[in-house]
Structures are given as C-alpha cells and as structure tokens.
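So you can see what is in the structure, the chains are spelled out below.
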Amino acid sequence: MTAQRNLIIYGENIRALKYLLEERGLKGKVDLIYTDPPFATNITFTVTDGRSSTISSSSHGSVAYTDNILGDDFVSYIRERLLLMKELLSEKGSIYLHTDYKIGHYLKVMMDSVFGIDNFRNDITRIKCNPKNFKRLGYGNIKDMILFYTKSKNAIWHEPKIPYEEADLERLFPKTDKDGRRYTTVPIHAPGESNNPQKFRGMLPPKGRHWRTDVKVMEEWDDQGLIEWSAKGNPRKKIFADERDGKRAQDVWTDYKDPMYPVYPTEKNIGFIDLIVKTSSDPGSIVLDAFCGSGTTLESAARNGRRWIGIDKSPLAIEITRKRMEALGKVETLSGQGTEFIDLTE
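The residue numbers shown here count from 1 along each chain, following its written sequence. In view of the model being predicted, local features appear only for residues whose pLDDT reaches at least 70, and side-chain atom pairs are presented and counted only at 80 or more, with totals across whole chains, interfaces and linings using the full set of residues. The basis for the side-chain values is all heavy atoms of the structure; hydrogens and waters are excluded.

Novice: Lay out the overall build of the protein chain with the relevant residues and their values.
Specialist: A count of helices and strands for the protein chain gives 8 helices and 20 strands. For each residue, the accessible area found with a 1.4 Å probe, counting protein chains only, is set against the maximum for its type, and the residue is called buried under 20%, exposed over 50%, and partly exposed in between. Every one of the 346 residues in the protein chain was classed for burial, and the buried ones make up 48%. If you take every contact in the protein chain between residues at least 6 apart in sequence, the share linking residues at least 24 apart comes to 66%. By element, 49% of the accessible surface of the protein chain is carried by carbon and sulfur atoms, the whole surface being about 18300 Å². Comment: elements are numbered from the N terminus, with helices defined as DSSP H or I runs of at least four residues and strands as E runs of at least two. Any two residues having at least one pair of non-hydrogen atoms within 4.5 Å are treated as being in contact. Where accessible areas are quoted, they stem from the Shrake-Rupley method and a 1.4 Å probe; at the residue level, only the protein chains shown are allowed to cover.

Novice: Can you break down the packing of aromatic side chains residue by residue, with the values?
Specialist: Two aromatic rings from Phe, Tyr or Trp, using only the six-membered ring of Trp, form a pair when their centres are within 6.5 Å; if the ring planes differ by under 30 degrees the pair is stacked, by over 60 it is edge-to-face, and anything between is tilted. Counted by the stated rule, this structure contains 14 aromatic pairs. Consider the rings of Phe74 and Tyr77, whose centres lie 6.4 Å apart with planes at 25 degrees: the pair is stacked. Pair noted here: Phe74 and Tyr77 are both in helix H2 (residues 71-88), with a separation of 3 residues, about one helical turn. Taken as a pair, Phe74 and Tyr77 share a single burial class, namely buried. Taking the centre distance of 5.7 Å and the plane angle of 15 degrees together, the rings of Phe200 and Trp229 count as stacked.

Novice: Residues and numbers for the packing of helix H7 (residues 296-303) against helix H8 (residues 315-328), please.
Specialist: Comment: axis = line fitted to C-alpha atoms, over the contacting stretch for helices; angle = value between 0 and 180 degrees taken between N-to-C directions. It is at 10 Å that the axes of H7 and H8 come closest, and there the two elements cross at 20 degrees. Comparing the axis directions of H7 and H8 gives the class roughly parallel. As H7 runs across H8, the sense of the crossing is right-handed. Together, Thr296, Leu298, Glu299, Ala302 and Arg303 of H7 and Thr321, Arg324, Met325 and Leu328 of H8 make up the contact between the two elements. Here the contact of H7 with H8 is composed, by residue class, of 4 nonpolar, 2 polar and 3 charged. The scheme is simple: roughly parallel for angles under 35 degrees, roughly antiparallel for over 145, roughly perpendicular for 65 to 115, oblique for anything else. Each crossing gets its hand from how the near helix is turned against the far one by less than a right angle, where anticlockwise is left-handed and clockwise is right-handed. Three categories are distinguished: nonpolar for Ala, Val, Leu, Ile, Met, Phe, Trp, Tyr, Cys and Pro, charged for Asp, Glu, Lys and Arg, and polar for the others, with Gly belonging to the last.

Novice: Outline the pattern of salt bridges, listing residues and values.
Specialist: The working definition used for a salt bridge is a side-chain nitrogen of Lys or Arg within 4 Å of a carboxyl oxygen of Asp or Glu. By the definition in use, this model includes 24 salt bridges. For Lys151, the salt bridge identified is with Glu91, shortest N-O distance 3.6 Å. Here the residue Lys151 occupies a position in the loop between strand S8 (143-150) and strand S9 (161-162), and Glu91 occupies one in strand S6 (residues 89-99), the gap between them amounting to 60 residues. In this structure, the salt-bridge partner of Asp242 is Arg181, at a minimum N-O distance of 2.9 Å.

Novice: Explain the confidence of the model for the protein chain to me, and be specific about the residues and the numbers.
Specialist: Parts of the prediction with low pLDDT should not have their coordinates interpreted in detail. Known as pLDDT, the predictor's confidence for each residue is given on a scale from 0 to 100. The pLDDT averaged across the protein chain works out to 87; a share of 87% of its residues lies at or above 70. Overall, residues 54-58 carries pLDDT values under 50, and its contacts beyond four positions in sequence, including any with other chains, amount to 8 contacts. Per-residue pLDDT stays below 50 along residues 332-337; that stretch engages in 13 contacts with residues further than four places along the chain or on separate chains.

Novice: Which residues make up the pairing of strand S1 (residues 6-10), and what values go with them?
Specialist: Within S1, 5 of the 5 residues are buried, which leaves the element mostly enclosed by the surrounding structure. On S1, burial covers both faces: Asn6, Ile8 and Tyr10 on one face and Leu7 and Ile9 on the other are all buried. Looking at chain direction, S1 and strand S20 (residues 339-343) are connected through 5 bridges and run parallel. Across the sheet, Leu7 pairs through a bridge with Glu340, a residue of S20. Two strands form a pair only when DSSP identifies at least two bridges running between them.

Novice: Just give me the short version of the packing of helix H6 (residues 270-280) against H7, but keep the residues and values in it.
Specialist: Look at H6 against H7: their axes get within 9 Å of each other, and the N-to-C directions meet at 50 degrees. By the angle between their directions, the pair H6 and H7 is classed as oblique. Where H6 crosses over H7, the handedness of that crossing is right-handed. Residues Ile270, Ile273, Asp274 and Val277 of H6 form the contact with H7, whose participating residues are Thr296, Thr297, Glu299, Ser300 and Ala301.

Novice: Break down the sheet that holds strand S14 (residues 227-229) for me, citing the residues and quoting the values.
Specialist: One open sheet holds the 4 strands; their spatial order is S10-S11-S15-S14, and the pairing between them is antiparallel. Lying at the two open borders of the sheet, with one neighbouring strand each, are strand S10 (175-176) and S14.

Novice: So what's going on with the environment of Gly293? Residues and values would help.
Specialist: Considering the arrangement of structural elements, one finds Gly293 in the loop between strand S18 (286-289) and H7. Residue classification places Gly293 among the buried positions, given a relative accessible area of 10%. Along the chain, Gly293 and Lys313 lie 20 residues apart, while their C-alpha atoms are 9.0 Å from each other. Those residues within four positions of Gly293 in sequence are excluded, and the remaining contacts are Tyr264, Asp312, Ala317 and Thr321.

Novice: Lay out the sheet that holds S8 in plain terms, naming residues and giving numbers.
Specialist: Judged by pairing direction, the sheet is mixed, and its 9 strands sit side by side in the order S17-S7-S8-S6-S2-S18-S19-S1-S20 without closing on themselves. Looking along the sheet, the strands with just one partner apiece sit at the ends: strand S17 (252-253) and S20. Pairing analysis gives 7 bridges linking strand S7 (residues 120-127) to S8, with the strands arranged antiparallel. The residue bridging Phe120 from the neighbouring strand is Tyr149, located in S8. Against the sheet, helix H1 (residues 13-22) engages S1, S18, strand S19 (307-312) and S20, with an angle of about 145 degrees to S19.

Novice: How would you sum up the nonpolar core? Please name residues and give values.
Specialist: Within this scheme, the nonpolar core is defined by two criteria: the residues are buried Ala, Val, Leu, Ile, Met, Phe, Trp, Tyr or Cys, and they are joined through side-chain atoms within 4.5 Å. Of all hydrophobic cores here, the largest spans 39 residues; its most connected members are Ile9 and Leu20. Top contributing element to this core by residue count: H2, with 8 residues. Contact partners of Leu20, with chain neighbours within four places excluded, come to Leu7, Ile9, Gly25, Leu26, Leu88, Leu288, Ile309 and Ile311. In this structure, Ile124, Leu275, Val287 and Leu328 belong to the second largest nonpolar core, which totals 25 residues.

Novice: Kindly report on unusual backbone geometry, identifying the contributing residues and their values.
Specialist: With a phi angle near 50 degrees, Arg201 is a residue other than glycine that sits in the positive phi range. By the secondary structure assignment, Arg201 is in the loop between strand S12 (189-191) and strand S13 (209-211).

Here it is, written out as structure tokens:
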C-alpha cells in the first residue's frame, strides 16, 4: 500500500481482512480501528428516497443491510473478524467496537479473550438520542456503548480534551481579573519537607511542606502578576481559563447524538469519531473501518490527515461512501494514486 493510497473495498469483510493481511502486506500496520458492526437486532435496514428507516420487513425502498445473525452465532461472527483485525493492528494500535446494551456485555467478555483483559481501556457510554416516552417494561434507552481496547500498553495516546461549557467555567474558574479573564488559584507548595528550604519573598513554605517550583520561577510569576496573595499573606498561582485547552474527556459522551435525517441507517455522529481519531492515531496513521457504512470514519480520517481503509458488503453503502469521499475531494481516481476501489465480490 503506497503512502498516499486509500482503499474502499466492496465485499464480505472477512475476505477483505484476509486480503489486507495476505496480499497488501498490512499485518501490524494499522494504528486505529473504529468499527460499527450490526447489533444483532434482527432488523432489515432500508433507504427510501435518500432517507433511512428501520423496519423489520420492507416492501419499499432499497435494502441497506439485514441484521439477522443472532445470539452465539453473532458473537462468533464478530470474534472471527476481530482475530483478523488484531493481526492488522500495530503494536501501538487501538480498536473501538461500537455496540449496544443488549449484546455489548457478551462482546466485552469475548474481546477480553481476544485482546487480553489487561488491554481493556474503557466501556464508553455514548448518548445517542433524546429521551423517548414509549411505554415498555424497562427504562428508556438513550445510550449505546463503545468498547475500547489497545494492542499493548504502548498505544498511541493524545490526551483527549473537550471544550469547557459555561457551567464548567463558572465552577472551575470562579474568579475574574480586572480584564474580565476567568481564573482560579492553586497552591504553590505541596506535602513533604525539603532538607534545604529556600525563602520566597522572605517566607519559607509551611511546616511539613515544600515549594512546588523553583523560587526563581515563582519570583518571575510574582513579577508578572501571576501570584495572588491572600489577606493572610499566603501565595497561590493563578490559572486562567483561556490558557487551558479544555477539560479531559470522560467515559460518558453526551454531545454526539445521531443525525436526525441520516443518509444511511445507523449513521453515526462524526464528532465522537473525530475525538477517537485524534486521540488514538497520528497524522499519517492508517485508520480502518471494516463495517464502513456511509463512510463517516473515512471522512474523519481524511479530514484529520490520516490514511484510511473502508470495507462493506452493501452496494448501497459503497455507493454512498464513494460519493461522500468524492465530494470531500479525497477520491482523485478510484484506481490511481488517491483512492483505490477494490471489488472482492467478483
């Protein structure tokens, strides 16, 4: 696979994964896999007049895919593919498997055996929709889950940050300076005594504590107005909100609901895929989606400077993906240097 070439593969993904391993020489070369396989729902997903729907037996529209592998057969179906994906992953690689609450716990146990329980990182909760008021025996379901594993402890990891909300700013940075900048203060000393404590502005650290930073640096901070002195003469360092790059992402994602009018069934919000791509891959990394659907993962990879491979056996998915990537300007020629289209159904 040349450095600039991306792949769209039409065909059954187990054959495609073997093709990547055996004929394209990509064993250990993929840094990130995000994939959104069927959820064992026993539903036929269709598209009518450019809009998707979920109905169990449709006489209208084009069938996107049929999700009819259930129970133990489904877990085995996914496991067979994950074993091949693991071979493709580099030693610094990660995999994110998107699933739901009905089947996800079975997949978690299976993935522990494939990737090793020590390489399990997160069960991420993603809020997928607004609350519904359907009557049912059970609470309303507004979430799905993403199982995150790494190939090893040396995986690519760029600390994930998300923007502060106004409530975060008010809570975390409650003070305002004369210029209207929000800030908070933190101690400049820490537990543990120093054998040779130095004085800062004529004072030693409190008993049983030591200065966190070299005294010369603290003096520079003070000269720059970055030290706030309390009424009792205790110094604290100012931390400004506009100098922070956001808050650390947690394992509940609330801002990435699914599109209201998707062009393909179960199309996902590109926002959280961007977060995954930026966190668990580098510019130039290969990103793989073995159930690529409408190509959301591929678009995210392309926009973030990654190389990409998408696989799907649905002709409708391939058609939508090709058009999407062409519109993005990432398909210069489907058999040339930009993106290569491979048909494994022949």
